[in-house]
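# Structural description and commentary
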Amino acid sequence: MFIRLWLALLLLSLTACDGYPRDTEGSTERARQTMRVGVSHDPPFVEVRAGQAPSGTEVELVQAFAQEHGYTIEWVEGGHDQLMTALLDNRLHLVAGGHDEDSPWTNVGWSRAFVLRGPEGGFARRRLALPPAENAWQLSVDRYLHARERTLR
């Protein structure tokens, strides 16, 4: 009798579990509609020119991530502080361009670091800014970066 009761409680508790990790603001689900990406001018990784689509190696990385997941990107150009504020308000899915290890933006989420070939053949450590507490979204971005780690150089 005790074992049956224990199994029934176990099954009941398992059916109550939702998928983990979760996003507190639904970033992953919203990205399926349109992935909003903030970009600030940071050549050669992110180049923003009036009347043209953003370009650069970091932009190409974001485009490849979106393509692999079937997302359509809406680029949002702006100043770094403006974009980071929009990210904190969950109006953007990520911000590319201008992030280094000493960023004063400690209250946002950060992707895992990745390396891109920089100017003059050197390498640069980069990372993407992500909305805070969007754990499923961050895991998706980090898994993508991890899987491409060797090909990014």
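Scroll up a little and you will see the structure.
All of the points below concern the structure found in this document. Computed from a predicted structure; not experimentally measured.

## Some points on helix 5 (residues 135-147)
The terminal C-alpha atoms of helix 5, which comprises 13 residues, lie 18 Å apart, in line with the 18 Å expected from a rise of 1.5 Å per residue. Along helix 5, the residues that are buried comprise Trp137, Ser140, Val141, Asp142, Tyr144 and Leu145.

## A short note on the pattern of salt bridges
For the structure on display, the rule yields eight salt bridges. Of the charged contacts, one joins Arg36 and Glu74 as a salt bridge, the two residues approaching to 3.3 Å between their closest N and O atoms. Note that Arg36 is positioned in strand 1 (residues 35-39) and Glu74 in strand 2 (residues 73-77), a separation of 38 residues in sequence. A residue is classified by how much of its surface remains accessible, and Arg36, at 26% relative accessible area, is partly exposed. A salt bridge links Asp89 to Arg91; the nearest nitrogen and oxygen atoms lie 3.1 Å apart. Given a relative accessible area of 46%, Asp89 falls into the partly exposed group. Residue classification places Arg91 among the partly exposed positions, given a relative accessible area of 43%. Taken together, the shared-partner salt bridges connect Asp42, Glu58 and Arg126 into one network.

## Comments concerning the pairing of strand 2
Bridge count for strand 1 against strand 2 is five bridges, and the pairing is parallel. Across the sheet, Val37 pairs through a bridge with Trp75, a residue of strand 2. Handedness of the crossover joining strand 1 and strand 2 through helix 3 (residues 57-69): right-handed.

## A look at the environment of Leu83
Secondary-structure assignment places Leu83 in helix 4 (residues 80-88). Separated by 43 residues in sequence, Leu83 and Ser40 have C-alpha atoms that sit 7.9 Å apart. Aside from chain neighbours lying at most four places away, what touches Leu83 is Gly38, Val39, Ser40, Val76, Glu77, Gly78, Leu92 and Val95.

## Looking at the pairing of strand 1
Across the five residues that make up strand 1, a large majority, four, are buried. Of the strand pairs in this sheet, strand 1 and strand 3 (residues 94-96) are connected by three bridges, and their pairing is parallel. The partner of Val37 across the bridge, within strand 3, is Leu94.

## So, the packing of helix 3 against helix 5
Where helix 3 contacts helix 5, the two axes come as close as 11 Å, and the packing angle between them is 110 degrees. Considering their axes alone, helix 3 and helix 5 lie roughly perpendicular with respect to each other. The two elements helix 3 and helix 5 cross, and the hand of that crossing is right-handed. For the pair helix 3 and helix 5, contact is made by Leu61, Ala64, Phe65, Glu68 and His69 and by Trp137, Ser140, Val141, Tyr144 and Leu145, respectively.

## Examining the packing of aromatic side chains
Each pair of aromatic rings is reported with the distance of its centres and the angle of its planes. Inspection of every chain in the model, using the stated rule, returns four aromatic pairs. Seen from their ring centres, Phe65 and Tyr144 are 5.4 Å apart, and the 75 degrees between their planes marks the pair as edge-to-face. Residue Phe65 is located in helix 3, and its partner Tyr144 is located in helix 5; the two are separated by 79 residues in the primary sequence. Taken together, Phe65, Tyr71, Trp137 and Tyr144 form an aromatic cluster joined through their ring pairs.

How each quantity is defined
- Counting restarts for each chain: residues are numbered from 1 in the order of the written sequence.
- The predicted origin of the model limits local features to residues at a pLDDT of at least 70 and limits the giving and counting of side-chain atom pairs to 80 or more, whereas totals for whole chains, interfaces and linings rest on all residues.
- Heavy atoms throughout the structure, all of them, feed into the side-chain values; hydrogens and water do not.
- Put simply, DSSP marks the helices as runs of H or I at least four residues long and the strands as runs of E at least two long, and each gets a number from the N terminus on.
- Multiplying one less than the number of residues by 1.5 Å gives the expected span of a helix.
- To sort residues, take the accessible area from a 1.4 Å probe on protein chains only and compare it with the maximum for the residue type: under 20% means buried, over 50% means exposed, and anything in between is partly exposed.
- Salt bridge, as used here, is a side-chain nitrogen of Lys or Arg placed within 4 Å of a carboxyl oxygen of Asp or Glu.
- A pair of strands counts as paired when DSSP detects no fewer than two bridges linking them.
- Here the term right-handed applies to a crossover when the path leading from its first strand over the helix to its second strand runs clockwise, the strands being oriented away from the viewer.
- Residue contacts are counted whenever heavy atoms from the two residues lie within 4.5 Å of one another.
- Here an axis means a line fitted to C-alpha atoms, over the contact stretch when the element is a helix, while the angle between two N-to-C directions is reported on a 0 to 180 degree scale.
- Each angle is binned into one of four classes, with values under 35 degrees roughly parallel, values over 145 roughly antiparallel, values of 65 to 115 roughly perpendicular, and all other values oblique.
- Take the far helix as your reference; a near helix turned counterclockwise from it by less than a right angle gives a left-handed crossing, and one turned clockwise gives a right-handed crossing.
- Side-chain rings of Phe, Tyr and Trp (the six-membered ring for Trp) are treated as a pair once their centres are within 6.5 Å; stacked means planes under 30 degrees apart, edge-to-face means over 60, and tilted covers the remaining angles.

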